[in-house]
Structures are given as C-alpha cells and as structure tokens.
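# Inside the fold
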Amino acid sequence: MAEPLKALYDGLFIENFGAMVRSALPTFDLAGFAAAVRAGEWEELALKARSRRITEALGDFLPSDYEAALDVLMQIDSQCRGLPYIFFPDFVEVYGMAPEHFDRSMQALARFTRYSTGEFAVRPFLLAEPERMMQQMLIWADDEDEHVRRLASEGTRPRLPWAQALPMFKRDPQPILPLLDKLKADPSLYVRKSVANNLNDIAKDHPDVVVALAQRWSGDNPLTDWIIRRGCRTLVKQANPALMELFGYAAGEGEEGEERVPLTVHAELRAVPAVVHIGEEARFSCEMKLRDGDALKLRIEYGIDFIKASGKPSQKRFLLSDREYGGGAEVALSRVHRFADLTTRKHYPGLHRITLWVNGVQAAETELQLEEADSK
C-alpha cells in the first residue's frame, strides 16, 4: 500500500528544508525549528495540518517582520518545488493579510505559485476583499507565466477540493466570468484544465449560466471547444437538453407533447456473476439495436445504485462509449467493474440496481447482489 501524502514531511525533509533556510539566514535556529514542527501530535496530523505546522514554525523562527521573512523565503523558493512546499503560499495567507501587506503578498503568491501552488492561499484574500482580489486575478490572467494564469482560474473556483468554499461565487458566479473569458483559449493545457474545472464548479449551482456561456463560446476556437466540453461534463452526464443538442448527441425524445422517440429498438444489460463479494469484480455487458436512419452520436453509460451506510441508494454513472454509430447498428459493449473500497467510496452489502443509459435516457436495467467480503 502506498504511503499517505503526509509522509512526505518526514524528519529528513524537515532537516533538509531547515538547512536551506539557514543558508539564507545564518542565525536560523534549525534545531529549534525542527523540534517545533514535530512537537506534540505531529504523527496524527494530516497533510494540510502538517503544512500549517511548518508555516507556524517558520513564523516563530524567521524574522518577526513579515516582509523581511518573505525576503528569506524568496532566496530559496526556486529550490523548493512541488506539493510539499505549499507552506510557502500558506505563509502569505497566515502572516500577510494585513492591508498594508497586500501588494507584497500578491507579489509573493504570484512568485510562490510557480514552484508549488497558491490556489488555497488566495481564498482568504478573496473572502476578505473580493472586489480588490478579482482585479488582481484579472491582472494575473494576463501574466506570461502559465502557473500565474492558472492561479487566477483555480483560485476562484467556487468548489475547489481541499479548500475553503467561496459562497459569494456559489451564489453569483458573474464576477468570475470575465476572468474565464480572458483564459478561454489559453495555449497552456494546464490553464485550460483549470478553466474547465471552474466551469464545472459553476455548473453545479448555475447550470443555466454555463449553458449560455458554452453556446456563446462554441465554435470560436478548438482550444475553447475543448474547455467547453470538459467544463460541461457534469451537465452532459445529466443529459442537459441544450448541451446535448450543442454537442450533437441524438435526441432521446421528441418535441414537447410528442410521443417519445427511442434511440434503441432493443437494449439488454447483464451482470455476471449476479452475486459478488466486496473486493471482487463483475462484468457488465450490453447489446443494443439502434434505431434506423441517420448516424447517431451516443454517450453510453452504465449506472450503479450504490447502497450507502444508511441503506439508501445513490447512483454513480460510468462511461462505456462516446462516439458516433450508424443508424440501425448493433452495438455490443462490456466493462469489468471492481467493487473494491476506495478513499472516495466505501461499499455496503445489498441489492444493487445496474442501469444502462443512452444519451441520458435509461435503456435497460438489471440487478447485482453485493455481499460482505469473503473471509477467505
């Protein structure tokens, strides 16, 4: 089993980092710093809590003047690259939010994000001064460095994982849109992924805003079209009618008031075996006969109604195919699914409903009995 991420902060890491600080500040108390970091409940702390502990220890052992402390960190930041060094921007968040430090803190975040990432540290600034920070984000969106441009997008995501939510943007995402408009055809894939993730966040609270944006942007640039497609992934899974039409998927039903027009003449779904223990696999296979006529662009998924700890089901869908098929085609697809516990999902025994979806329309279903893990 892989070690947890928090194990990155072992004794050797702390000693090596402390030595780098002392190379820039000869009076730095390396032994005192290391002892302060690993004091008390250190072994129980998770990754972000360990990072914050290092931040606080730096606050105790660097110069008490914030900007002088930044000067020390800026002498070594280029040697400190990657996720473990998120305590550099965290130092700005913890010690640099006073109004008189704003300009220097922004300079530091733009610099530190090049080597680790500042997306978590900008959020307290956004919560404290949203209008001023959005002006800063617009400036960063024009930066020549892709890491800084990404910071503008990633830092404003309403639902950024591992981070404070931005409730004002969950209520009203309009202030974010000019920023995303600046970045909608960014040459960097790193930035475009962030823009798409920001759109996907907004879609969870304001699908109409994202649909309108996608319709307005569509066809302007292949890079923009890539962002739209990735950013609308949640709405596509929900078979949002406007987006299904925009992306060229075949209609699953007729106009309002008309009789439903099925995409399939016949569809069958099977689960083998029908009884599976937690940790084991099952193969799902489907066979479909599509309706005659023109070619059909289809998104084919299978859904599992996972039983939760409460005993209630919660559906999760998984992609089988996303492509164009000829009218009248016979389609056969299969996928092996492993019912193993993950950090994001724990399995519980019970009858699981398995469904087949074609462009958001349920086409077939079956069942699978999930039982406790085999003691053997």
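Refer to the structure printed above.
The following paragraphs examine the structure supplied in this document. (Residues numbered from 1 in each chain as written. Predicted model: local features only at pLDDT ≥ 70, side-chain atom pairs only at ≥ 80, totals over all residues. Heavy atoms only, no water.)

A tally of regular secondary structure across the chain gives 16 helices and eight strands. With the C-alpha coordinates of the chain rotated into their principal frame, the extents come out at 80 × 60 × 30 Å. Within the chain, the proportion of its 376 residues that are buried is 48%. For the chain, long-range pairs separated by at least 24 residues make up 67% of all intrachain contacts whose partners lie at least 6 apart in sequence. On the chain, roughly 18,300 Å² of surface is accessible, and the fraction owed to carbon and sulfur atoms is 49%. Between the averaged position of the 47 positive side-chain charges in the chain and that of its 57 negative side-chain charges there is a distance of 2 Å. (Helix = DSSP H or I, 4+ residues; strand = E, 2+ residues; numbered from the N terminus. Buried < 20%, exposed > 50% of the residue type's maximum accessible area, 1.4 Å probe, protein only. Contact = heavy atoms within 4.5 Å. Areas by Shrake-Rupley, 256 points an atom, 1.4 Å probe, with all protein chains shown as cover. Lys, Arg positive; Asp, Glu negative; His and termini not counted. Charge placed at Lys NZ, Arg CZ, Asp CG, Glu CD.)

The subject of this paragraph is the packing of aromatic side chains. Going through the model one piece at a time under the given rule, you end up with 20 aromatic pairs. Ring plane angle 80° and centroid distance 6.4 Å describe the contact between phenylalanine 306 and phenylalanine 318, whose orientation is recorded as edge-to-face. Taken together, the positions of phenylalanine 306 in strand 4 (residues 296-307) and phenylalanine 318 in strand 5 (residues 313-325) put the pair 12 residues apart, joining distant regions of the chain. In this structure, phenylalanine 306 and phenylalanine 318 share a single accessibility class: buried. Ring centres of phenylalanine 306 and phenylalanine 339 lie 6.4 Å apart, and the angle between their planes is 65°; this geometry places the pair in the edge-to-face category. In this pair, phenylalanine 306 is assigned in strand 4 and phenylalanine 339 in the loop between strand 6 (330-338) and strand 7 (350-358), connecting sequence segments 33 residues apart. The same class applies to phenylalanine 306 as to phenylalanine 339, namely buried. Chaining the aromatic ring pairs together yields one cluster made of Tyr9, Phe13, Phe17, Phe28, Phe33, Tyr85, Phe87, Phe88 and Phe112. (Phe/Tyr/Trp six-rings, centres within 6.5 Å; stacked < 30°, edge-to-face > 60°.)

Here the focus is the sheet that holds strand 1 (residues 264-272). The pairing of strands in a sheet comes from backbone hydrogen bonds and takes either a parallel or an antiparallel form. Spatially, 1-3-6 is the arrangement adopted by the three strands of the open sheet, whose pairing is antiparallel. Each edge of the open sheet is held by one strand with a lone partner, namely strand 1 and strand 6. Averaged over all pairs of adjacent strands, the angle between strand axes in this sheet comes to 15°, irrespective of strand direction. (Pairing = 2+ DSSP bridges. Axes fitted to C-alpha atoms, helices over the stretch in contact; angles between N-to-C directions.)

Membership of the largest hydrophobic core comes to 81 residues, with the highest contact counts inside it found for Phe17, Leu58, Leu62 and Trp140. Among the elements that line this core, the one with the most residues is helix 4 (residues 66-76), at seven residues. Among the nonpolar cores identified, the runner-up in size contains 30 residues, and Leu298, Phe306, Tyr325 and Ala364 belong to it. (Core = buried A, V, L, I, M, F, W, Y, C linked by side-chain atoms within 4.5 Å.)

We now examine helix 6 (residues 102-112). Most of helix 6 is tucked away, with eight of its 11 residues classed as buried. Of all the residues in helix 6, the buried ones are Phe102, Arg104, Ser105, Met106, Ala108, Leu109, Ala110 and Phe112. Check the buried side of helix 6 and you find it contacts helix 4, helix 5 (87-95), helix 7 (122-128), helix 8 (130-140) and helix 9 (146-154).

Its place among the elements puts phenylalanine 112 in helix 6. The residues touching phenylalanine 112, leaving out its near neighbours within four places in the chain, are Leu70, Leu73, Met74, Asp77, Phe88, Pro89, Val92 and Thr117.

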